[in-house]
Structures are given as structure tokens and as C-alpha cells.
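Fold and contact review
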Amino acid sequence: MENRMKIGSVDIKGNLVLGPMAGVTDLPFRLLCKEQGADLIYTEMVSAKGIYYNNKNTESLITIEEKERPVTLQLFGSEPEIMGAMALRLCEEERPFDILDINMGCPVPKVTGNGEGSALMKNPKLAGEVVTEVVRRIDKPVTVKFRKGFEKDEDTAVEFAKRMEDCGAAAVAVHGRTREQYYSGKADWDCIRRVKEAVGIPVIGSGDVFTPEDAKRMLLETGCDGIMLARGVRGNPWLFSQIKTYLETGIKPEKPGIDELLFMIKRHSKLQLQFKGEYLGVREMRKHVAWYTAGYPESAALRRRVNEADTMEELFVLLEEYRQEVSGWTEKKMRN
């Protein structure tokens with residue numbers, strides 16, 4: 001099964017893609033996913049207007065390390081001139097990204113209320129103008145991420161994908177839900193298949209890939225070129241390596257044990273400390289620890305304690321206490 005992709009001039013060694021998630025796919029988490037086998041990395045979505053007005057929070061979103069590459073930097077906005085100008089500015093600043101993606105899939109009201117994100121699916125003409133202008137202004141490949149449609153039962157993805165291709169998009173990523181669904185219900189993978197059959201550019205499938213089996217099914221059912229992993233990797237960066245092992249050998253790796261789990265949490269914490277400092281880093285780790293430990297024994301108490309930790313030292317003490325508690329719990333269970 002071919003697992004390489006080429007998006008414009010960018011050769012990608014595999015087909016596993018880390019999708020953009022606001023508040024999740026920051027630099028520390030992206031580095032961990034890269035280590036685990038992510039072939040293409042998306043940044044969190046970045047506001048073109050935020051760059052234009054030099055918003056102080058924007059810089060951290062567009063900070064990229066060479067070892068992450070290939071990287072897709074994702075912009076959102078609905079004004080063609082500003083989108084084109086900011087895309088050019090990012091290139092002129094020689095930011096180390098390889099592909100520029102335009103977000104036309106974000107469902108949150110504060111984005112769609114401004115006519116941005118998935119709201120652009122309601123205005124295909126404007127969406128096309130945005131893509132045309134960005135493609136005109138930069139030499140890097142331009143891609144578009146969008147949804148099945150906007151309204152609850154809408155299915156406009158095929159026509160939308162064709163328009164994006166005609167306007168110069170080098171690839172598209174399709175989430176098989178409408179904006180009105182947000183992340184509820186089941187992703188429509190048949191929509192992804194129909195897009196793949198309709199366009200000549202690479203198609204990345206997105207939605208409901210939580211296990212290695214899901215990844216294989218998506219490939220077989222849709223024929224997509226790439227698989228985007230998003231919510232499935234929160235607290236589980238191992239999913240990339242697990243999928244690769246499964247696709248290559250048919251063997252599904254076991255869930256990480258407690259020692260491996262805690263080692264990853266500590267690595268993640270140290271990266272947060274390095275890039276964001278202690279105050280922000282500890283607070284960022286609270287949600288990550290909740291995701292990492294979901295489904296592990298005796299983890300609810302750990303999550304409550306972690307939410308009260310103010311320093312990395314406190315967090316590490318809590319993790320060690322948890323290790324000892326689980327070890328004792330396991331030994332007791334084996335004796336009984």
C-alpha cells in the first residue's frame with residue numbers, strides 16, 4: 001500500500017498527518033508527534049489579521065523548528081488581500097514551513113461569525129478568491145482544509161474541492177462532518193471517497209481515526225492519500241507509531257504501560273517548560289495529563305491533584321506518587 005505523498009513540490013515520506021487543533025498542537029506536542037512518526041505536521045490555526053496587527057500571542061503560534069519539517073502552517077481569514085499579504089510576509093520572514101494551508105473548516109462561532117473558517121463554505125466564490133490570491137503571492141504549495149458542508153445535511157464537499165483545485169490548491173483535507181455537526185455523530189467517509197474520485201490533487205481524509213484499524217479502514221474505504229489524526233492523538237502521540245506498525249505488519253501494538261506513559265508526560269512537561277515557562281507550562285499540562293491518563297487505573301485522583309499543581313516540581317512529585325500507587329494496586333490485584 002503506497003504511503004508516500006507529494007503536495008506541490010514537497011515530498012512527504014509517509015501518509016500520516018497531525019491535524020491542527022487549537023490549544024493542542026503547539027510546538028511541544030508537535031515535536032512529540034514527530035518523534036512518534038507523524039509525516040506531516042500542521043500548526044495550530046493562525047489568524048491572518050493577528051499577524052497583520054502584530055498580535056502578541058501570534059508569535060508563539062508561528063514558531064516552528066527545523067526538526068518538525070515538513071510543516072504546514074495554517075492561516076485563517078476571509079479577506080483575500082490580507083490573506084495573500086500575510087502569507088507573503090511569512091515567506092519573506094523565512095519561517096521554516098513547507099506548505100501553507102487555509103482553514104475553511106473551523107466550526108466555532110467566534111470564527112464563523114466573522115465569515116471565516118467553515119463559513120467560507122457558504123461563499124464558494126469568496127473562498128476561491130482567497131485561495132487564488134494566496135497562490136498568486138507565494139511560491140510554496142497552498143492547501144485547503146474544509147468540511148462536508150455547512151448546514152446539518154449539506155454535502156457540498158465535491159464541488160467545493162473542485163473549485164479549490166481550479167483556484168490552484170495543491171491538496172485538500174476533508175473532514176467528513178458538516179459545520180453544524182461540530183464533532184458529533186459519525187464522520188462520513190464516503191464524502192472523502194467522492195472528493196478523492198473528483199479531483200486530481202492529493203486528498204487527506206479527516207474524522208474518526210482513533211485506532212490503527214480506523215486508519216486502515218479509511219485508506220481502504222476512501223482511497224485517500226493521507227490520514228489526518230486529530231482528537232485521536234490527544235494524550236496519545238503513540239498512535240502514529242501504532243498505525244505504522246499495524247499497516248506494515250498487521251500487528252496492533254499494546255497500549256503503553258504506566259512507565260512509558262509517565263515518561264511521555266514528563267518529556268511533554270519539560271518541553272512545555274522550555275518553550276512556555278513554568279507558569280504557562282504547568283497549566284497547559286493539566287489538560288494534557290487528563291488526556292494521557294484517561295482509561296488508566298486510579299487516574300481520576302491524579303487528575304484532580306494535577307489541576308492544583310502550580311510548579312513542575314509539584315507535577316513530577318504527583319506523577320511519582322501515582323506510579324507508586326498503581327504499582328501497589330497492581331501487586332495487590334495479582335496477589336488476590
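Only a predicted model underlies this, so the values are computations on that prediction, with no experimental measurement involved.

So, on to the domain arrangement of the chain. Split into domains, the chain comes out as domain 1 (5-249) and domain 2 (258-335). Domain 1 and domain 2 are separated by 31 Å when their C-alpha centres are compared. With 15 residues of domain 1 at the contact, the number on the domain 2 side is 14 residues. The junction of domain 1 with domain 2 conceals about 1,300 Å² of combined surface from both sides, 68% of it contributed by carbon and sulfur atoms. Contact with domain 2 buries area across many residues of domain 1, yet Pro-28, Leu-32 and Trp-238 alone supply 40% of it, more than any other trio. The salt bridge partner of Glu-35 is Arg-267, with a shortest N-O separation of 2.5 Å.

If you walk through the whole model with that rule in mind, you get 35 salt bridges. Connected through salt bridges with shared partners, the residues Lys-148, Asp-155, Asp-188, Asp-190, Arg-193, Arg-194 and Glu-197 form a single ionic network.

In this section: the nonpolar core. Leu-75, Met-104 and Phe-146 are the most contacted members of the largest nonpolar core, which totals 88 residues. Examining the composition of this core, we find that ten residues originate from one element, helix 11 (residues 258-293), more than from any other. In terms of nonpolar packing, the next biggest core, distinct from the first, is built from 13 residues, Ile-99, Ala-173, Ile-204 and Met-228 among them.

Across all of its chains, the model carries one cavity of 30 Å³ or more by this definition. Its boundaries defined by the atoms lining it, the largest cavity holds a volume of some 50 Å³. Along its surface, the largest cavity is lined by Ser-47, Ala-48, Lys-49, Phe-76, Gly-77, Ser-78, Glu-79, Ile-82, Met-83 and Glu-116. Of all elements in the fold, only helix 2 (48-52) and helix 4 (80-92) reach the threshold of two or more residues within the lining of the largest cavity. Tallied by class, residues from the lining of the largest cavity come to four nonpolar, three polar and three charged.

Okay, the UniProt feature "binding site: FMN" (unreviewed entry) in the chain next. Here the UniProt feature "binding site: FMN" (unreviewed entry) sits at Pro-20, Met-21, Ala-22, Gln-74, Lys-145, His-175, Ala-230 and Arg-231. Among the annotated residues just listed, those lining the largest pocket are Pro-20, Met-21, Ala-22, Gln-74, Lys-145, His-175, Ala-230 and Arg-231. On the secondary structure map, Ala-230 appears in the loop between strand 11 (226-229) and helix 10 (239-249). With respect to the element layout, Arg-231 can be found in the loop between strand 11 and helix 10. Judged by relative accessible area, which is 25%, Arg-231 ranks as partly exposed. Residues within four places of Arg-231 in sequence aside, it is in contact with Met-21, Arg-177, Tyr-183, Asp-208 and Phe-210.

Scoring rules and cut-offs
Residues numbered from 1 in each chain as written. Predicted model: local features only at pLDDT ≥ 70, side-chain atom pairs only at ≥ 80, totals over all residues. Heavy atoms only, no water. Domains from an automatic or database assignment. Contact = heavy atoms within 4.5 Å. Buried area = accessible area lost by both parts, 1.4 Å probe. Salt bridge = Lys/Arg side-chain N within 4 Å of Asp/Glu carboxyl O. Core = buried A, V, L, I, M, F, W, Y, C linked by side-chain atoms within 4.5 Å. Buried < 20%, exposed > 50% of the residue type's maximum accessible area, 1.4 Å probe, protein only. Helix = DSSP H or I, 4+ residues; strand = E, 2+ residues; numbered from the N terminus. 1 Å grid on protein atoms, 1.4 Å probe; cavity = no way out; pocket = protein on both sides within 12 Å on 5 of 7 lines; lining within 4 Å. Points joined across faces, edges and corners; volume = space filled by probe spheres on them. Nonpolar A, V, L, I, M, F, W, Y, C, P; charged D, E, K, R; others polar. UniProt positions renumbered as here; feature names shortened; annotations may be inferred.

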